[in-house]
Amino acid sequence: MKNNGNVLGALLAGMIVGSAVGLLMAPKKGSETRDDISESLKKLTKNFKERANAEMEALKEIRDEITGKANAVKNEMVNKKNQYKSDLTDAGDDFLKNENATI
């Protein structure tokens, strides 16, 4: 995840620097330059949204995996608790039968 953030940051910085250099090296009419800037910002926004959506999907998958594992552990603990309760109840019943038999 951290590496993905670095890649995204480098991509954004590269796009900004590339746009600035392009504007400085190939001057155009103001309207053309504004159109170019607008188009670059649209592409940047689109790329950012796509990357953000991909990261959100990855986070959802991680969340689902963790939730599944947590539920499995919870179910296992509930089953063990129920088994211990049953074992103790059986042991108590056996104890009472033995006590009643000796009385």
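Refer to the preceding data block for the structure.
Since this is a predicted model, take the numbers as computed values, not measurements. (Residues numbered from 1 in each chain as written. Predicted model: local features only at pLDDT ≥ 70, side-chain atom pairs only at ≥ 80, totals over all residues. Heavy atoms only, no water.)

Peer 1: Got a minute to help me understand the overall build of the chain in this structure?
Peer 2: For the chain, the count of helices and strands is two helices and zero strands. Sorting the 103 residues of the chain into buried and exposed places 4% on the buried side. As displayed, the chain has an accessible area near 8700 Å², and 61% of this comes from carbon and sulfur atoms. (Helix = DSSP H or I, 4+ residues; strand = E, 2+ residues; numbered from the N terminus. Buried < 20%, exposed > 50% of the residue type's maximum accessible area, 1.4 Å probe, protein only. Areas by Shrake-Rupley, 256 points an atom, 1.4 Å probe, with all protein chains shown as cover.)

Peer 1: Where do I start with helix H2 (residues 30-102) in this structure?
Peer 2: It helps to recall that an α-helix has 3.6 residues per turn; residues three or four apart then point in one direction. Compared with an ideal rise of 1.5 Å per residue, which puts 73 residues at 108 Å, H2 spans 106 Å between its outermost C-alpha atoms and is within 8% of the ideal. Along H2, the residues that are buried comprise Thr-33, Leu-44 and Glu-55. (Expected span 1.5 Å × (residues − 1).)

Peer 1: Where do I start with the environment of Leu-12 in this structure?
Peer 2: Along the polypeptide, Leu-12 turns up in helix H1 (residues 2-25). We classify Leu-12 as partly exposed; its relative accessible area is 23%. Taking the C-alpha atoms as reference, Leu-12 lies 9.9 Å from Thr-45; in sequence the two are 33 residues apart. Among all residues touching Leu-12, those that are not within four sequence positions of it are Leu-44 and Phe-48. (Contact = heavy atoms within 4.5 Å.)

Peer 1: Which parts of the structure should I look at to understand the pattern of salt bridges?
Peer 2: Once the charged atoms of two side chains with opposite charge are near each other, the side chains can pair. The full count for this structure, using the stated rule, is six salt bridges. The salt bridge involving Arg-51 is made with Glu-55; its shortest N-O contact spans 3.1 Å. With Arg-51 and Glu-55 both in helix H2, this residue pair falls four residues apart, about one helical turn. The class for Glu-55 is buried, based on a relative accessible area of 18%. Close ionic contact of Glu-76 with Lys-80 constitutes a salt bridge, the shortest N to O distance being 3.5 Å. One end of the pair, Glu-76, and the other, Lys-80, are both in helix H2, four residues apart, so they sit about a helical turn from each other. We classify Lys-80 as partly exposed; its relative accessible area is 42%. (Salt bridge = Lys/Arg side-chain N within 4 Å of Asp/Glu carboxyl O.)

Peer 1: Any chance you could explain a negative patch on the surface here in plain terms?
Peer 2: There is a patch of like negative charges on the surface, built from Asp-87, Asp-90, Asp-93 and Asp-94. Counting through the fold element by element, Asp-87 comes out in helix H2. Asp-87 sits in the partly exposed class, given a relative accessible area of 38%. (Patch = residues over 30% accessible without salt bridge, like charges linked within 9 Å, V, L, I, M, F, W, Y side chains within 5 Å. Lys, Arg positive; Asp, Glu negative; His and termini not counted. Charge placed at Lys NZ, Arg CZ, Asp CG, Glu CD.)

Peer 1: Quick question: what am I supposed to make of a nonpolar patch on the surface here?
Peer 2: Taken together, the side chains of Met-56, Leu-59, Ile-62 and Ile-66 present a nonpolar region at the surface, about 370 Å² in accessible area. Ile-66 sits in the exposed class, given a relative accessible area of 54%.

None of the figures reported here should be taken as evidence of function without further support.
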